[in-house]
Amino acid sequence: MKLQPANEVEIYNAIKSAILDGKLRPNMQLVEEVIAESFGVSRTPVRHVLRKLAGEKLLTVIPYKGTFVSHPTVEEAKQVFEARRLLEVSSIKEACRYRKVAQIEKLRDMLREEKEAHGKQDALGVLRVTGDFHVKLAELTGNGFIGKYVEELVSLTYVIIALYGEKYQRCCHDHERILTAVEEGDAAKAASWMEEHLRELEAGLNFAETGSAAALSDIFKPRAPQMQMQMQMQMK
């Protein structure tokens, strides 16, 4: 689902950031009216955004009840990591066969972004880049279905980490050696590093819910005046 420019993109980024940053906690309901009022827009763009996020598995739509931040159970969280191991360990072997120099360079750029985010102690930035890194690795296979499924699993991993783990991950070394193995075309080593990396991520989860969420209107209210100003400037 493609978002329309301006207000829908802004709302999408705000909600997704709030989920990744743990401000919107798993099982929290997202009410269209509240979000629309917070951004000073109608319910239509909000509805489009919520549908897109539901398609990415970050939100769950329950008929006759509403839209909620996805809430993977402990068993589902374990299944997500099992699925990631099956897909990513296998696909990285194919990536070693089909890799291209330009693609490797882009991944190197992502590792530099990851290190910069660590240096700034930007937990959200680190989480975004590490997830994107895994998706881009899967896309090296040239198989669009693999890339799509890995992207969905990575999105669920964001929620799992917000619920059961630590947002600030230190994956630079793991990613560096995985990419080096891919660049060298060493499928066995790349698969081994990926397997170990994903198992370590899962081992870092404590599977205990902590923290509480702020009110929905409090999370997005500061953005409303800015959104209204942007819309007024676009109308001039």
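Residues numbered from 1 in each chain as written. Predicted model: local features only at pLDDT ≥ 70, side-chain atom pairs only at ≥ 80, totals over all residues. Heavy atoms only, no water.

Peer 1: I'd like a description of the pairing of strand S3 (residues 66-69), backed by residues and values.
Peer 2: Examined bridge by bridge, strand S1 (residues 29-30) and S3 share two bridges and lie antiparallel to one another. Bridge pairing in S3 links glutamine 29 to phenylalanine 68. As judged from the four bridges shared by strand S2 (residues 59-62) and S3, these two strands associate in the antiparallel manner. Its bridge partner lying in S3, valine 61 is registered against threonine 67. The hairpin turn running from S2 into S3, its antiparallel successor, is three residues long, and tyrosine 64 in that turn takes a positive phi close to 70°. (Pairing = 2+ DSSP bridges. Helix = DSSP H or I, 4+ residues; strand = E, 2+ residues; numbered from the N terminus.)

Peer 1: Quick one: what's the story with the layout of surface pockets, residue by residue and with numbers?
Peer 2: The volume enclosed by the largest pocket comes to roughly 270 Å³. Lining the largest pocket are 15 residues, and of these Tyr12, Lys16, Asp132, Glu151 and Tyr158 lie nearest its centre. When residues of the lining of the largest pocket are traced back to their parent elements, those giving at least two are helix H1 (7-20), helix H6 (123-139) and helix H7 (144-164). Looking at side-chain class alone, the lining of the largest pocket contains five nonpolar, three polar and seven charged residues. (1 Å grid on protein atoms, 1.4 Å probe; cavity = no way out; pocket = protein on both sides within 12 Å on 5 of 7 lines; lining within 4 Å. Points joined across faces, edges and corners; volume = space filled by probe spheres on them. Nonpolar A, V, L, I, M, F, W, Y, C, P; charged D, E, K, R; others polar.)

Peer 1: Talk me through unusual backbone geometry; I want residue IDs and the actual numbers.
Peer 2: It is generally the case that most residues other than glycine have a negative phi and that most peptide bonds are trans. Positive phi values are uncommon outside glycine, yet asparagine 27 reaches one of about 80°. Looking at the secondary structure, you find asparagine 27 in the loop between H1 and S1.

Peer 1: Lay out empty space enclosed by the protein with the relevant residues and their values.
Peer 2: This structure, assessed with the given rule, holds two cavities of 30 Å³ or more. The set of elements that each furnish at least two residues to the lining of the second largest cavity consists of helix H4 (74-98) and H6. The greatest single-element share of the lining of the second largest cavity, amounting to four residues, is contributed by H4.

Peer 1: A description of the sheet that holds S3 should follow, citing residues and the corresponding values.
Peer 2: The strand order S1-S3-S2 describes an open sheet built from three strands, whose pairing is antiparallel. For this open sheet the edge positions go to S1 and S2, each flanked by a neighbour on one side alone.

Peer 1: Which residues make up the nonpolar core, and what values go with them?
Peer 2: With 40 residues, the main nonpolar core has Ile92, Leu107, Phe133, Leu137, Ile160, Val182 and Met194 as its most contacted residues. Looking at this core, the elements with two or more residues in it are H4, helix H5 (101-119), H6, H7, helix H8 (172-183) and helix H9 (187-203). Looking at this core, the element that brings in the most residues is H7, giving 10 residues. Among all residues touching phenylalanine 133, those that are not within four sequence positions of it are Leu107, Met110, Leu111, His175 and Leu179. Counting 22 residues, the second-largest nonpolar core is a separate cluster that includes Ile11, Leu30, Val49 and Leu59. (Core = buried A, V, L, I, M, F, W, Y, C linked by side-chain atoms within 4.5 Å. Buried < 20%, exposed > 50% of the residue type's maximum accessible area, 1.4 Å probe, protein only. Contact = heavy atoms within 4.5 Å.)

Peer 1: Give a detailed account of the side chain of threonine 157, specifying residues and quantitative values.
Peer 2: Relative to the assigned elements, threonine 157 resides in helix H7. In this view, threonine 157 contacts Val80, Phe81 and Arg84; residues no more than four positions away in its chain are not counted.

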